[in-house]
Amino acid sequence: MRIVLAHAMAVEFRTGRNVLAALRLTVLVLAMGPLVFYLLCLYCVLDYFRSVRRFSSRSDSFAPPVSILKPVRGVDRDAYENFASFCRLEYPQYELIFAAADSADPAVTIIEKLQRDFPERAIRLLIARESFGENKKVNNLAAAAHAAKYELLVMADTDVRVNPQYLKEVAAPFADPRVGAVTAFYRCVGGGTFAADLDMLGMCADSVPDALVARKLEGNVQFAFGWTMATTKKVLAEIGGWEAMANHHSDDFELGNRIAKAGHRVELMRKPVWMVFPAERMTEFLRHEMRWAIGLRNVRPAGYWGMIFTHGLPWAVAAAIIAASAGWWALAASYVAGYLALRLTVAWTAGVWGLGDKRVASKLWLLPVRDVISAAVWVAGFFSDRIRWRGLEYRVKKGILVPVDADSALTKQ
């Protein structure tokens, strides 16, 4: 009996060791996922920006008249200079339409000053009182689009600043009739706080690489970025106009995605715009990151789950701990070194070499800090659907904005 029991215990012990070894090997293999993803990012970034440099010529002969639509709500940092940059464009014919929901909005005073300072420009201020849905920005865009005189519509957020050649860059892709929308990346201006520096790293570390990987794998860009969205009245009407998106949280994603699904191409501008960052506090940065995470989980749930293999730092640390516990010190160091080398290389290549944002180089040391926060926010995004946006609180349900007060009233009924 003792012999049988001893044999059973030995088998159980060996089985336990085998299970532990299998778990250890599983983590070490899975931890390679983010490193492979970073290599894919590097390839896509290099491929895209090399192609931009290779075909850098742009024909200025295609320059249809443009209506620039600017939805406003409140005042962003350096708002006057941001707006004024759109008044200094070197382009044959365009108009600027600012749309606010309230004549008492503080941005109205700035727009009136623009009208005085640039009398040669066609600048209109529209008070968009009609509501099509809960997304206030989209309500303003819908009103501005209806008021626009020209077929080609260019929409840009209020914290965006542009160079004089901006409209030529936006309009050029529309010479191809297959193109239904144009969007852009950005470079950074402003900031100056720890939180703002973390936020600014998001473009080169995540947005550019992720977008270019999606572009490569899906064969076409299937979304747009709010800092520049351009389309035509005809295409916009084809997808139901802005009114069809008036209750959606991620209006920029919806616009690009619907245009792509309608069979049109979504192109990226060759040159980025400038994004003017506020002097953010950490609470503002975290709120912004959570809003982005909740929105993404709603519009691309499968992709959101797949992001587990884009967070390289937690995987590298887990693999290093497991390897070190087995006495494989060289392997442990390799995971950490691989994460740092690839992550920093991708961010530098996208930001400094690709976008020409020289500020990125001095901020790269913050990337591991941002990655810790990003991983925590990604996890938290599974457990919340509540956001705060421009002073208003919503729940996001299947991509739709539901005001918190209205949601509470429905719950009580």
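What comes next is a walk through the structure. (Residues numbered from 1 in each chain as written. Predicted model: local features only at pLDDT ≥ 70, side-chain atom pairs only at ≥ 80, totals over all residues. Heavy atoms only, no water.)

## As for the sheet that holds strand S6 (residues 179–183)
Strands in a sheet are paired, the pairing made by backbone hydrogen bonds, and the direction either parallel or antiparallel. If you walk across this open sheet you meet the seven strands as S3-S2-S1-S4-S8-S6-S9, and the pairing is mixed. Of all the strands in the sheet, just strand S3 (122–127) and strand S9 (265–268) have a single pairing partner and so form its edges. Within the sheet, the average angular offset between the axes of one strand and its neighbour, ignoring direction, is 25 degrees. With respect to the sheet, helix H4 (residues 107–117) is in contact with strand S1 (66–72), strand S2 (94–100) and S3, its orientation differing from that of S3 by roughly 155 degrees. (Pairing = 2+ DSSP bridges. Helix = DSSP H or I, 4+ residues; strand = E, 2+ residues; numbered from the N terminus. Axes fitted to C-alpha atoms, helices over the stretch in contact; angles between N-to-C directions. Contact = heavy atoms within 4.5 Å.)

## Examining the pairing of S6
The side chains of a regular strand alternate, first on one face of the sheet and then on the other. Counting buried positions along S6 yields five of five residues, so the element is predominantly enclosed. Sheet topology places S6 next to S9; four bridges connect them, and they run parallel. Bridge pairing in S9 links Ala 181 to Val 266. Pairing between S6 and strand S8 (residues 229–232): three bridges, direction antiparallel. The residue of S8 that forms the bridge with Thr 183 is Met 229. (Buried < 20%, exposed > 50% of the residue type's maximum accessible area, 1.4 Å probe, protein only.)

## Notes on the packing of helix H10 (residues 282–299) against helix H15 (residues 367–380)
Between H10 and H15, the shortest axis-to-axis distance is 9 Å and the interhelical angle comes to 50 degrees. On the basis of the axis angle, H10 is oblique to H15. The element H10 and its partner H15 pack so that their crossing is right-handed. Judged by residue contacts, Met 282, Phe 285, Leu 286, Glu 289, Met 290 and Ala 293 of H10 engage Arg 370, Ile 373, Ser 374, Val 377 and Ala 380 from H15. Among the residues forming the contact of H10 with H15, the class breakdown is eight nonpolar, one polar and two charged. (Parallel < 35°, antiparallel > 145°, perpendicular 65-115°, else oblique. Left-handed = near helix turned anticlockwise from the far one by under 90°. Nonpolar A, V, L, I, M, F, W, Y, C, P; charged D, E, K, R; others polar.)

## Side note on the layout of surface pockets
Looking at the second largest pocket, its volume works out to about 480 Å³. Considering the residues around the second largest pocket, the lining is formed by 22 residues, among which Tyr 48, Val 52, Glu 267, Leu 268 and Arg 270 are closest to the centre. Of all elements in the fold, only helix H2 (32–54), helix H7 (194–218) and S9 reach the threshold of two or more residues within the lining of the second largest pocket. Here the lining of the second largest pocket takes four residues from S9, the largest share from any one element. (1 Å grid on protein atoms, 1.4 Å probe; cavity = no way out; pocket = protein on both sides within 12 Å on 5 of 7 lines; lining within 4 Å. Points joined across faces, edges and corners; volume = space filled by probe spheres on them.)

## Concerning unusual backbone geometry
In this structure, Asp 78 takes a positive phi of about 55 degrees despite not being glycine. Within the secondary structure, Asp 78 is located in the loop between S1 and helix H3 (79–85). A positive phi angle, close to 55 degrees, is found at Lys 398, a residue other than glycine. Looking at the secondary structure, you find Lys 398 in the loop between strand S12 (392–397) and strand S13 (400–403).

## Let's talk about the packing of aromatic side chains
Going through the model one piece at a time under the given rule, you end up with 17 aromatic pairs. An angle of 70 degrees between the planes, with centres 5.0 Å apart, marks the rings of Tyr 304 and Phe 382 as edge-to-face. Note that Tyr 304 is positioned in helix H11 (residues 301–306) and Phe 382 in the loop between H15 and strand S11 (386–389), a separation of 78 residues in sequence. Here Phe 382 falls in the partly exposed class, since its relative accessible area comes to 25%. (Phe/Tyr/Trp six-rings, centres within 6.5 Å; stacked < 30°, edge-to-face > 60°.)

## Some details on the packing of H7 against H15
Interhelical geometry of H7 versus H15 gives an angle of 85 degrees and a closest axis separation of 10 Å. By the criterion of interaxial angle, the relationship of H7 to H15 is roughly perpendicular. Contacts between H7 and H15 involve Phe 194, Leu 198, Asp 199, Leu 201, Gly 202, Ala 205 and Asp 206 from the first element and Leu 367, Val 369, Arg 370 and Ile 373 from the second. Of the residues contributing to the contact of H7 with H15, the split by class is seven nonpolar, one polar and three charged.

## Things to note about a nonpolar patch on the surface
Among the surface-exposed residues, Phe 194, Met 282, Leu 286, Trp 365 and Val 369 lie close enough to one another that they form a single nonpolar patch of about 470 Å² accessible area. Mapped onto the elements of the fold, Val 369 is located in helix H15. (Patch = residues over 30% accessible without salt bridge, like charges linked within 9 Å, V, L, I, M, F, W, Y side chains within 5 Å. Areas by Shrake-Rupley, 256 points an atom, 1.4 Å probe, with all protein chains shown as cover. Salt bridge = Lys/Arg side-chain N within 4 Å of Asp/Glu carboxyl O.)

## Description of the nonpolar core
In globular proteins that are soluble, nonpolar side chains generally tend to be buried together. Ranked by internal contacts, the top residues of the largest apolar core, which has 132 residues, are Tyr 166, Phe 185 and Trp 242. If sequence neighbours within four positions are ignored, Tyr 166 has contacts with Phe 86, Leu 89, Val 154, Ala 156, Thr 228, Met 269 and Val 273. (Core = buried A, V, L, I, M, F, W, Y, C linked by side-chain atoms within 4.5 Å.)

## A short note on the pattern of salt bridges
All chains considered together, the criterion is met by 20 salt bridges. In this structure, Asp 117 engages Lys 113 in a salt bridge whose closest nitrogen and oxygen atoms are separated by 3.1 Å. Here Asp 117 pairs with Lys 113, and both are found in helix H4, just four residues apart, close to one helical turn. By relative accessible area, which is 34% here, Asp 117 ends up partly exposed.

## Focus: the sheet that holds strand S10 (residues 273–277)
Strands sit in the order S5-S10-S7 across an open sheet of three strands; the sheet is mixed. Bordering the open sheet on either side are strand S5 (160–161) and strand S7 (186–190), each of which pairs with just one other strand. Note that S7 and S10 share five bridges and pair parallel. If you follow Cys 188 over to S10, its bridge partner there is Met 275.

## Comments concerning empty space enclosed by the protein
The final tally for this structure, using the stated rule, is three cavities of 30 Å³ or more. In this structure, the largest cavity occupies an estimated 50 Å³ of space. The wall of the largest cavity is formed by Cys 188, Asp 197, Met 200, Leu 201, Asp 357, Arg 359, Val 360 and Lys 363. Broken down by secondary-structure element, the contributors of at least two residues to the lining of the largest cavity are H7 and helix H14 (359–363).

Functional significance is not addressed by these values, which are geometric in nature.
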